[in-house]
Amino acid sequence: MIKGIKEYLFVAVSAVSVLLIDFLSKNKIISIFKDGIVEKIYVNEYLDFILVFNTGISYGLFSGGGDFQKWILISLSILIIIFLLSLIRNESTILSKLSISFIIGGALGNVLDRFTYGAVVDFISLHAKGFSWYIFNIADMFIVLGVILFILSQFIFCLLYTSDAADEEDSV
C-alpha cells in the first residue's frame, strides 16, 4: 500500500514539475512578446523564439476550428491523461512510470493553454540550412521524451524478461 502511494506520488511530482516548467517558460515568453515590439528572438543560427498560438494539433493541423474544436481537443487530451494514469498501475519499472509522468505533465501543460488562451502556446523554432521544423514548446518536448523513454523502457523490459525466461529454461 505504502509502495503504491510512493509510486503515485513520484508520478504526480514528476508530472507537476513538467507542468510547472512548461507554465513558467510560456509565461516568460508571453511577457516578452506581449507589447508586440519583439517579433522574434534570435538565439543562434539554429534556434529562434517566436510566439505562436496553435489552435490545432501537431504541426498546426486542424487549426481554426473554433470553440467546438477547442473543447474536443481538451476532452481528448483529458481522456488520454486518464488512460495514462490507469496505465501506470501496470508498469513495473521506474523508467516507464517516469516516461508516463512526462507525457501527462506535457499534456496537462497544453490542456491548461487551451483553457487559458483557447490555443496552445508554442515558441521554440528550430531550423537549419533553409529547413524549419514546426514551432513547439517545453510540454511538447517532454511528451516526445516521455514517448521515447516509454518505448525504451518496454524494450529493456522485454530484453530482461526474455533473458530471464531463457535462463529458467536452461536450468530445467
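These numbers come from a predicted model, not from an experiment.

Draft legend 1. Here's a closer look at the packing of aromatic side chains. Tallied over the entire structure, the rule returns seven aromatic pairs. Between phenylalanine 131 and tryptophan 133 the ring centres are 6.2 Å apart and the planes differ by 50 degrees, which places this aromatic pair in the tilted class. A relative accessible area of 39% places tryptophan 133 in the partly exposed class. Of the aromatic side chains, those joined through ring pairs into one cluster are Phe131, Trp133, Tyr134 and Phe136.

Draft legend 2. Broad picture of the confidence of the model for the protein chain. Mean pLDDT for the protein chain: 86, with 86% of residues reaching 70 or above. Per-residue pLDDT, averaged within each element of the protein chain, yields its smallest value for helix α4 (residues 138–171) (82) and its largest for helix α3 (residues 94–117) (95).

Draft legend 3. How the structure looks around the sheet that holds strand β1 (residues 41–44). On the basis of which strands lie adjacent, the open sheet formed by four strands has the order β1-β2-β3-β4 and antiparallel pairing. With one partner strand each, in any of the chains shown, β1 and β4 (131–132) form the two edges of the open sheet. Of the pairings in the sheet, the one linking β1 to strand β2 (residues 47–54) comprises three bridges and is antiparallel in character. Considered in β2, the bridge of asparagine 44 is made with leucine 47. Docked against the sheet, α3 engages β2 and β3 (120–128), running at close to 120 degrees with respect to β3.

Draft legend 4. Quick peek at α3. A rise of 1.5 Å per residue sets the reference length of α3, with its 24 residues, at 34 Å; its end C-alpha atoms lie 34 Å apart and thus fit the reference within 8%. Glycine 118, located one to two residues past α3, shows a positive phi value of around 80 degrees.

Draft legend 5. Broad picture of the pattern of salt bridges. For the structure on display, the rule yields three salt bridges. For aspartate 113, the salt bridge is made with lysine 26, and the minimal N-O distance between the two is 2.5 Å. Note that aspartate 113 is positioned in helix α3 and lysine 26 in helix α1 (residues 2–33), a separation of 87 residues in sequence. When sorted by exposure, aspartate 113 lands in the same class as lysine 26, which is buried. In this structure, lysine 40 engages aspartate 48 in a salt bridge whose closest nitrogen and oxygen atoms are separated by 3.7 Å.

Draft legend 6. View of the environment of serine 132. Topologically, serine 132 is positioned in strand β4. Taking C-alpha positions, serine 132 is 9.8 Å from leucine 47, a pair spaced 85 residues apart along the chain. If near-sequence neighbours (up to four positions away) are discounted, serine 132 is found in contact with Leu126 and His127.

Draft legend 7. Main features of the pairing of β2. Linking β1 back to β2 in an antiparallel pair, the connection comprises two residues. Here six bridges tie β2 to β3, and the two strands are oriented antiparallel to one another. Across the sheet, leucine 47 pairs through a bridge with leucine 126, a residue of β3.

Rules and cut-offs
Residues numbered from 1 in each chain as written. Predicted model: local features only at pLDDT ≥ 70, side-chain atom pairs only at ≥ 80, totals over all residues. Heavy atoms only, no water. Phe/Tyr/Trp six-rings, centres within 6.5 Å; stacked < 30°, edge-to-face > 60°. Buried < 20%, exposed > 50% of the residue type's maximum accessible area, 1.4 Å probe, protein only. pLDDT = per-residue confidence, 0-100. Helix = DSSP H or I, 4+ residues; strand = E, 2+ residues; numbered from the N terminus. Pairing = 2+ DSSP bridges. Contact = heavy atoms within 4.5 Å. Axes fitted to C-alpha atoms, helices over the stretch in contact; angles between N-to-C directions. Expected span 1.5 Å × (residues − 1). Salt bridge = Lys/Arg side-chain N within 4 Å of Asp/Glu carboxyl O.

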